[in-house]
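Below are the chains, spelled out letter by letter.
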Amino acid sequence: MTGGVGTSVRRPDGPAKVRGEFSYAGDLAAEGMLVGSTVRSPHPHARITGIDTAAARAISGVHAVLTSADVPGDLYFGLTLRDEPALADGVVRYAGEPVAVVAAVDAATARRAARAVAVEYEPLPPLTDPQQSLTAPPLHPDGNVYRHVSYSCGDPDARGVVTVENTYRIGMQDPAFLAPEAGLAWPTPDGGVALDVATQWLHSDQTQIGWATGLPPEKVHLRLAGVGGAFGGREDVTLQTHACLLALATGRPVKFEYTREESFLAHRQRHPGTIWLRHSADADGRIVCVEGRVLLDGGAYASTSPVVITNTVTLLQGPYRVDNGRFEGWSVRTNNPSCGAMRGFGVPQAAFAHEAQLDALAGALGMDPLEIRLRNALQRGDVATFGQRFDAPTPVREVIEGLRAIPLPAGPARRAPGGVGRAAEPGSVRRGIGYAVTIKNLAFSEGHVDESTAEVSLCDGHATVHTACAEVGQGFVTVAEQVARTVLGATTVEVTQPDTLIASAGSTSASRQTMASGTAVHRACAAVRVRLLAQVARRHGLDAAGLTVVDGTVCAAGRPVTPVAAAAPGQTLRATEHFQHPATYPLGSAEGGMYVAFSFSAQRAVVDVDVELGLVSVVQVASCQDVGTVINPTQLLGQIEGGIVQGMGLALMEEVVVADGLITNPDFQDYLIPTIVDAPEVVSTYVTDPEPGMPHGWKGAGEPPLCTAVPAVAAAVRDATGLPLPAVPIKPEHVALGLGAAPTVTWTTPRPAAPSRAVNIVVDEEARDAPGTMAEEGAPGGR
C-alpha cells in the first residue's frame, strides 16, 4: 500500500515546519488576551516571612496577582507524589520555585508587576549534597528519600578470578528543547477552564489542574498546541495550573510563554548521580557476580524520582546474564533543581557505568571488547537479576554481530578536533574506537496502567484518526496515517488535534506511543474495516469472511470488487477501541514481571581526540538496534540519529552546572548542545525480530540510541587517551589533565556460587536502613 506501514512516508507537518509556518504554542493568541508572569524565589532554600502584592496590584493594566492563599483547590500536585505546591506556601525549596503569578495587559506590564511583588525571605542553609541528604533533617514533611530499592539474586558473595570496581558520575542534562514552555488558558461558559498547551500528557495535566482549581475533569478541557521538542521535560506541570488559575480569576484568556532562563528553572532535568559497581568474572570473561549501588539527586520535589531510581538499579546488569548480584539505590531530595523524566529514564546513567565496567574486565583479561559482551549476552529464557524472565525475543547477540559487520570509516576525519583553524595539531590527535551494548525497558512499569484509546472514522475513502497522544516530534502522526492506509485502504488520512474529549493516551514517553496508541489505532481501524466489508458483502452478495482490503481496494479471492473510496458512498463508519498492555507488577512481586518489553542496542563510536587540548571530534557512530519491525525507515533513522547526537551531548559537553543550589548556565550560550557541525556520520542497521502481541511486531525505538551513545562515545575517548574517564560529560580538562580515578582490578582465587537463584528484594525501606555513605567499599560520595 502506498504510504502504508514499512514505507518512508513524510511527516504531514513537515512542510509547514520547514517553511516556518507551523504554529507552536508560543504563537497562541486570543482576543482580549492577558499575559502571565511568575514571581520566582531567588533562594534555593528559604522561609517566606511575608508577601505584599499591593504595589503590583496598583500598576495600571494588572488584572490579577495570585499567591498560595488564592488557590481554590488542593495546593499540592505531582506526577508520582503530591509533594509540590502550585505556589510556594511558607517555604521555598529550590531557586526558581513559583511564589506568585501575575496577569496583565502585556508582557512588559506583567514582568513589571512581578518585580513589584515584595516577598520577604529568611534564607535557610541549602542541602545540596545528595549523600548528606540521606542522614540530614528532612527538607519536607514527606522526608528526604523518595525511594530506596535493595535486592539480591543468587549468591552475592560469589567471585571469579578477576574483580573490577569503580565509581562513576553522571552530570545533570537538560532536555534543551528549542521551544520554551507556552500555553493559553481561557474560562469556559460552564464555569470551567480550557487550555491549549505544549505538553507530553494531556490527561495528567487535566487531573493536576483539577486539583488546584477544584474543578471536576469534565470542566477542565485541554488541547495539544504545537510542541517544539520535549524529551521528558514537558511531562511535569509547569505553567498549566498558573494559566488556568489566572484565567478563572480574571475571566479572560491568559497566555504564558517562558524565557529560556525561566525554562531551565521550571522544567525537570536528567538526574545526576553516582554509581559504584563491582564486577567479578572468570578467566573466560563470563560474569560471576555484580554488585552495584546508586545515588540519584532528585532535587526539591519528587516528579518521577521514585520510578527513575528503579530503572537505574534494575538495569545495572546491562544486557548480560548475571546469576549472582547485590543491588541498592536511593533517589533523594535536595535543594537542587528538581529532576524527572528525560529520554532514557535512568538507563543512560546505568549504561555509562556498566559498559565502562565491561571494558575494564576486557582490559584486565586481555579480551576483545565485543567478545566479552558476546560471551555474557542475554538470551531468551534467561532471568533478570530482579526475577523477570526474558520470554520475548532477546536479540543481544544479533545486535552485536550486526554492529561488528559494519565497516570502520576509512581515511581521516572530515574535520579535526576543535573545528576550523589550527586548534588541533595533527601530531596531538589520537583516534579511538569504543563499543557499547544496552538494554532499555519499554512502556510503563511496576503496575502503572499503560493504555490508550483511539477513534477512527471512514467516509468515502477518507479516514479520520482521533487520540489524545501528544505529538512532540516522535512521529506518531505519521504512524497513525500509515496504519489507516494499511488496514483500511484509506486514500487520505487526517490525524486530528489531540485533546481530552477522548480517553487518555498516557504520556508520550517511555518509547511507548507506537506500542500503545498505535495499537489502539490499529484496533479501531480493524473494527471499521469489519463494518466496511459487511457493507460491501451486502451490496455485492458476497461473504464478508472472504473479503480483504488490498492497496485501497476491497477484494474477494484476490479479485477486485470495489475501491474502498466507493465501498459505502456517503456513509461514515466509525469505531472506538481501547488498548492496554498486559499487567506489570511492582519490583519483588511474585505475580509477574515489572516491565512490559525490552529493546537492545549496540553502537560503535569512532573519535579523534587532541590529547593536549582535550578536544574531541566524533567521526562516526555505527548502530545496530532491535526495533521489532521498521514502520517508517526515514523516521526511524531520524530517531537513531537524534538519539545519538543527544547522547553524544551528555558524553562530551552537556551539563547543567549547579553551585550552592543555583543554576549558573541557564542559557544556550553556556549550556552547550551539539550542533550540526558536531554531528557525526551515523550508519544504522536493525534487527527485526517482531515483538509478540503487537500489530506488525512493532516496538518503541526512541530511547535506546541515546542510552547507547553515551557509553560508546565515552569508551572511544578512553581508547584514544588511555585514561579511565569515569565521569560524563568528559570535559577538555579531564583529558588534558588526566583527571578521574582508574578502576580497581583485583585477582583472587575463585569462590563458586552457592546453588541458588533466589531473588531477595527490599523496596522502600527507610534511609536509616541504608549504609551511611556511598564511600563504603571504595565508592566515594555523591557529586
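Anything mentioned here points back to the structure above.
These notes cover the structure that comes with them.

**Observations concerning the overall build of the protein**
Across its full length, the protein carries 16 helices and 33 strands. Against the compact-globule benchmark of 28 Å for 783 residues, the protein has a radius of gyration of 27 Å, which places it among compact chains. A principal-axis box enclosing the C-alpha atoms of the protein has dimensions of 80 × 80 × 60 Å. Across the 783 residues in the protein, those meeting the buried criterion constitute 60%. Accessible surface computed for the protein: about 27,700 Å², of which carbon and sulfur atoms make up 52%. Across the protein, the 59 positively charged side chains and the 81 negatively charged ones have centroids separated by 4 Å.

**Re the environment of Glu681**
With respect to the secondary-structure elements, Glu681 resides in strand β30 (residues 681-687). Since its relative accessible area comes to 40%, Glu681 is described here as partly exposed. Separated by 63 residues in the primary sequence, Glu681 and Val618 place their C-alpha atoms 8.4 Å from one another. Polar side-chain contacts of Glu681 include one of 3.2 Å to the side chain of Gln620.

**What about the layout of surface pockets?**
Reported here for the second largest pocket is a volume of approximately 660 Å³. Along the wall of the second largest pocket there are 28 residues; nearest its centre are Ser37, Thr38, Arg40, Thr259 and Glu262. Among the secondary structure elements, those contributing two or more residues to the lining of the second largest pocket are β1 (34-40), α3 (107-116), β8 (118-123), β14 (254-257), α7 (260-266) and β29 (662-663). Broken down by element, the lining of the second largest pocket gets its largest block of residues, six residues, from β1. When the residues that make up the lining of the second largest pocket are grouped by side-chain class, the tally is 15 nonpolar, six polar and seven charged. Here the lining of the second largest pocket spans two domains, and each of domain 1 (25-125 + 181-257) and domain 2 (273-445 + 586-765) adds at least three residues to it.

How each quantity is defined
Residues numbered from 1 in each chain as written. Predicted model: local features only at pLDDT ≥ 70, side-chain atom pairs only at ≥ 80, totals over all residues. Heavy atoms only, no water. Helix = DSSP H or I, 4+ residues; strand = E, 2+ residues; numbered from the N terminus. Rg over C-alpha atoms; globule rule 2.2 N^0.38 Å. Buried < 20%, exposed > 50% of the residue type's maximum accessible area, 1.4 Å probe, protein only. Areas by Shrake-Rupley, 256 points an atom, 1.4 Å probe, with all protein chains shown as cover. Lys, Arg positive; Asp, Glu negative; His and termini not counted. Charge placed at Lys NZ, Arg CZ, Asp CG, Glu CD. Polar contact = N/O pair within 3.5 Å; in protein donor to acceptor, adjacent residues only side chain to side chain. 1 Å grid on protein atoms, 1.4 Å probe; cavity = no way out; pocket = protein on both sides within 12 Å on 5 of 7 lines; lining within 4 Å. Points joined across faces, edges and corners; volume = space filled by probe spheres on them. Nonpolar A, V, L, I, M, F, W, Y, C, P; charged D, E, K, R; others polar. Domains from an automatic or database assignment.

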